[in-house]
Amino acid sequence: MKNFIASLRLQKDNPKFLVAQFKALSSQIPILYVLLVINALAVAITHIKSAPLWLSLYIPVGLSIVCIFRLCWWEINGKENVTPERALRLMKGTLAGAVILTIGFGGWAIALYQYGDASQQGQIAYFLVVTGISCVFCLTHLPLAATITTVITFTAMVITFLFSGNPVFVATAVSGLFLVLPFLRVINSYFQNFARLVLLTDELQQKQAEAEELNLVNSRNALHDQLTGLANRRSFFLSLERMLQQNPSSPPVIGIVDLDGFKPVNDVFGHAAGDLVLKETARRFVSLVGERGIVARLGGDEFGIIFPSDLTLRAVSELGLGLCAAVRDPYEIPDGSVRVSGSCGIVYPEAGEYTAEDLYEKADFALYQVKSKRTGGVEFFSPEHEKILTQRYLIELELQTDNFARELKLEYQPIIELRSDRVVGFEALARWDSARFGRISPDAFIPAAERTAVIGRMTRILLGQALDALKIMPAHLRVSFNLSARDICDHETSMALLAMVTRSGVDPRRIEFEITETALLSDFDTADKVIGVLRAAGISIALDDFGTGYSSLSHIHRLAFDKLKIDKAFVMNFDRDARCMNITRSVANLCQNLGIASVAEGVESGEVAESLKGLGVRLAQGYHFSRPLPLEMAIDYAAKRNAAVSQSIPA
Ligand code: C2E
Ligand code: CA
Ligand code: CA
């Protein structure tokens, strides 16, 4: 009942509903007029002879003209989009129209009733009930109009028939009386369903709009870098692929710019400052490259540039230099200003078939070359680079074969205790004498093995050889074995290595694993855990190449190392460069203070060995003592050297 009363009111505060209501109504009302006109004219025709002309003809014709006029109006105006205010106004008009027409047609039919015989009166009854009900159905979207029409029609019908004296009509009137309530109920439930439908449709539309909005944001995020607003890596490659597809004969010129010195900005001034630098770099690049090229952020501090297609080699080179120069301008951050620099690798491809990855790899390789020179600036991908890359590719293929596993060997470089001059162990160094390519340096095949995930298998093969070697070496000699970042940062691999050691029966205290700081950086927490487990098993851990990488004291502090290896870059320049000497001295002191051993590598002369001894460095290795040797020769070397030392010590 409450619902019903509420539905009679026009919902002024619900604009969407008003519009929906009006639209639904406008599709029904024309039917209402057609019904009224046809049925009224049918009644008029049958009464034309029995009733006065004004009643049988003029009034229905007049009312019909009004109906036709309204019908045309609805046909023209009902289909247009209305504002909620106009919908409200028009529905109020419809309400008034419904009352007027109901009274008009109802009154006319009742007035006509007295002029007809029984069958004509039956027709009037039919007109009142059936036409009335049909009209009410056409008005269900406007419940107040439907209710008023019902009440007027039924009241007129009931009163007229009740007093007609005709028992059939009286019975019809009584049953009609009982019809009103169920009828109003039907109208109400129909309207409630309609209201629910409008609500649901509205919710659905809202959800759809939200989903579309989300889609838009997602597709923007999928193709744009959120920080700088530039195209992201995915978008960069998609654009490249599209260009290569559209114009395969003229591949685009692309460059990769990498910021030098960005990490310290992030570390020292925080990520917010780092973000400012990246955003400002993006802005500078876009203003340099302009609309005709594409600037993308490929990740971190790496930017990709697709150069405008009409640039000459010289113009590209100038633009590349311009990008590097733009990066050198100071950056304003809240704490002051910072400076970074940039390196740029460019591929200016000759006509030919390329994939997006080919081009990227070439530009990246050129970038790698310029970065390794540490001079900054621009480097173009050259035919020499092509040769190196091809060889790299061939090596990567060969690494996957059984030849590699078979050809892989270890050589052993003696490690000397400076105080006693004795060999205390060896560093095991990987050697690959390929039947196809000849000897390949570990500096070439180890990174390749890391790239192609062959490294795990390689380490296991080599460790197997090292363990076998330890079994035939005198028990006082130890072996230092190099692990790659991939080995130490993978819990499973390192546990598999530990299991190999345990299974071999070799005393774990005779084994040392050498790891670099770069290895630690890739996953410090895993490395930390793995080191703990290995040390608990008796294996000692040396930090290799100390001084070349990140060289953070916090690493030495946080991780328990047994040894620091001073990189050969310092030791080799020891007698020429005072800084190298100072660094070596500091590291030796640091080790003494921490109570751990220091190892100098790259000792190439007796003088250097003497100086190192003077600085308190405990162990040394290098060409001065011996180059890396095959196993038997290494064992022989140790036996001879240690015997000679023993002899020279006076009894
Ligand atoms: P590293 O661990 O720093 O090894 C020392 C490198 O210095 C070796 O180069 C060694 O031959 C060389 N060397 C030794 N004494 C001297 C010297 O007096 N002067 C000069 N100029 N060089 C000297 P190598 O054997 O070419 O190894 C290069 C790098 O490859 C190694 O550097 C190590 O990082 C990696 N590596 C070698 N073997 C393995 C291995 O079995 N596994 C892993 N993961 N890496 C290995
Ligand atoms: Ca090493
Ligand atoms: Ca080293």
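Procedures and definitions
Residues numbered from 1 in each chain as written. Chains lettered and ligands numbered in written order. Predicted model: local features only at pLDDT ≥ 70, side-chain atom pairs only at ≥ 80, totals over all residues. Heavy atoms only, no water. Donors = N, O, S within 2.8 Å, 3.2 Å for Na, K, Ca; no water. Buried < 20%, exposed > 50% of the residue type's maximum accessible area, 1.4 Å probe, protein only. Helix = DSSP H or I, 4+ residues; strand = E, 2+ residues; numbered from the N terminus. Expected span 1.5 Å × (residues − 1). Bend = angle between axes of the 7 residues up to and from the residue. 1 Å grid on protein atoms, 1.4 Å probe; cavity = no way out; pocket = protein on both sides within 12 Å on 5 of 7 lines; lining within 4 Å. Points joined across faces, edges and corners; volume = space filled by probe spheres on them. Nonpolar A, V, L, I, M, F, W, Y, C, P; charged D, E, K, R; others polar. Axes fitted to C-alpha atoms, helices over the stretch in contact; angles between N-to-C directions. Parallel < 35°, antiparallel > 145°, perpendicular 65-115°, else oblique. Contact = heavy atoms within 4.5 Å. Pairing = 2+ DSSP bridges. Right-handed = clockwise from strand over helix to strand, strands pointing away. Core = buried A, V, L, I, M, F, W, Y, C linked by side-chain atoms within 4.5 Å. Phe/Tyr/Trp six-rings, centres within 6.5 Å; stacked < 30°, edge-to-face > 60°.

1. Topic: the coordination of the calcium ion (ligand 2)
Here's step 1: Protein-derived ligands of the calcium ion (ligand 2) are Glu427 (OE), Asn482 (OD1), Glu514 (OE) and Asp544 (OD), with the metal-ligand distances lying across 2.1 to 2.3 Å.
Here's step 2: Residue asparagine 482 is classed as partly exposed on the basis of its relative accessible area, which comes to 26%.
Here's step 3: With relative accessibility at 1%, the residue glutamate 514 sits in the buried group.

2. Focus: helix H2 (residues 15-47)
Here's step 1: In this model H2 runs 47 Å from its N-terminal to its C-terminal C-alpha over 33 residues, within 8% of the 48 Å that 1.5 Å per residue would give.
Here's step 2: The largest bend in H2 amounts to roughly 30° and is located at serine 26, with the proline proline 30 lying one to four residues further along.

3. Examining the layout of surface pockets
Here's step 1: Within this model, the second largest pocket holds a volume of roughly 300 Å³.
Here's step 2: If you trace the second largest pocket, you find 19 residues lining it, with Ser250, Pro251, Pro252, Val253 and Ser309 closest to the centre.
Here's step 3: Here the residues of the lining of the second largest pocket are counted per class, giving twelve nonpolar, six polar and one charged.

4. Quick word on the packing of helix H5 (residues 118-138) against helix H7 (residues 167-223)
In a pair of packed helices, the angle between the axes and the distance between the axes together describe the arrangement.
Here's step 1: At a closest axis distance of 12 Å, the pairing of H5 and H7 adopts a crossing angle of 5°. Taken together, the axes of H5 and H7 are roughly parallel relative to one another. Contacts between H5 and H7 involve Ala118, Gln121, Gly122, Ala125, Ile133, Val136 and Phe137 from the first element and Phe169, Phe183, Val186 and Ile187 from the second.
Here's step 2: Split by residue class, the contact of H5 with H7 holds nine nonpolar, two polar and no charged.

5. Comments concerning the coordination of the calcium ion (ligand 3)
Here's step 1: The calcium ion (ligand 3) binds to the protein through Asp544 (OD), Asp545 (OD), Glu601 (OE) and Glu601 (OE); the donor distances cover 2.1 to 2.5 Å.
Here's step 2: Here the donor residues of the calcium ion (ligand 3) share one chain and are spaced in sequence as D-D-x55-E.
Here's step 3: A distance of 3.9 Å spans the gap from the calcium ion (ligand 3) to the calcium ion (ligand 2), which aspartate 544 bridges by coordinating each metal.

6. Description of the pairing of strand S9 (residues 408-417)
Here's step 1: Where burial is concerned, most of S9 is hidden: nine out of the ten residues are buried.
Here's step 2: Pairing of S9 with strand S10 (residues 422-434), which is carried by ten bridges, proceeds in the antiparallel orientation. Following the sheet pairing, glutamine 413 is matched in S10 by glutamate 427.
Here's step 3: If you look at the hairpin formed by S9 and S10, you'll find four residues sitting between the two strands, and aspartate 421 has a positive phi there, around 65°.
Here's step 4: Pairing analysis gives two bridges linking S9 to strand S17 (residues 619-620), with the strands arranged antiparallel. Looking at S17, one finds that glutamate 417 is bridged to leucine 619.

7. Let's talk about the pairing of strand S16 (residues 597-600)
Here's step 1: Of the two faces of S16, the one lined by Ala597 and Val599 and the one lined by Ser598 and Ala600 are each fully buried.
Here's step 2: For strand S15 (residues 563-566) and S16, the ladder comprises four bridges, and the chain directions are parallel. Within S16, the position partnered with lysine 565 by the bridge is valine 599.
Here's step 3: One ladder, built from two bridges, connects S16 with S17; its direction is parallel. Residue valine 599 lies in a different strand from S17, and its bridge partner there is leucine 619.
Here's step 4: Each parallel crossover has a hand, and the one from S16 via helix H24 (residues 606-615) to S17 is right-handed.

8. As for the nonpolar core
Here's step 1: Residues Tyr412, Phe445, Met473 and Ile488 are the most contacted members of the largest nonpolar core, which totals 80 residues.
Here's step 2: No other element matches helix H16 (residues 455-472), which puts eight residues into this core.
Here's step 3: Setting aside residues up to four positions removed in sequence, phenylalanine 445 forms contacts with Ile395, Leu399, Phe404, Leu408, Ala430, Arg431, Trp432, Ile440 and Met458.
Here's step 4: In terms of nonpolar packing, the next biggest core, distinct from the first, is built from 54 residues, Cys67, Ala145, Phe154 and Leu184 among them.

9. Some remarks on the packing of aromatic side chains
Here's step 1: Under the counting rule described, the total for this entry stands at 19 aromatic pairs.
Here's step 2: Pairing tyrosine 113 with phenylalanine 161 gives two aromatic rings, centres 5.7 Å apart and planes at 40°, and the pair type is tilted. Note that tyrosine 113 is positioned in helix H4 (residues 84-113) and phenylalanine 161 in helix H6 (residues 143-162), a separation of 48 residues in sequence.
Here's step 3: Accessibility expressed as a relative area gives 9% for tyrosine 113, which makes it buried.
Here's step 4: A relative accessible area of 0% means that phenylalanine 161 is categorised as buried.
Here's step 5: Plain terms: the ring middles of tyrosine 113 and phenylalanine 169 are 5.9 Å apart, the flat faces sit at 55° to each other, and that makes the pair tilted. Taken together, the positions of tyrosine 113 in helix H4 and phenylalanine 169 in helix H7 put the pair 56 residues apart, joining distant regions of the chain. Residues tyrosine 113 and phenylalanine 169 agree in their burial class; the two are buried.
Here's step 6: Taken together through their ring pairs, the aromatic side chains of Phe17, Phe191 and Phe194 make up a single cluster.

10. Focus: the environment of glutamine 120
Here's step 1: By the secondary structure assignment, glutamine 120 is in helix H5.
Here's step 2: Of the residues examined, glutamine 120 reaches a relative accessible area of 14% and is grouped as buried.
Here's step 3: For glutamine 120 and threonine 46, which are 74 residues apart along the polypeptide, the C-alpha to C-alpha distance reads 7.4 Å.
Here's step 4: Discounting residues that sit within four places of it in the chain, glutamine 120 has contacts with Thr46, His47, Ser50 and Tyr115.

Geometry only, nothing functional implied.
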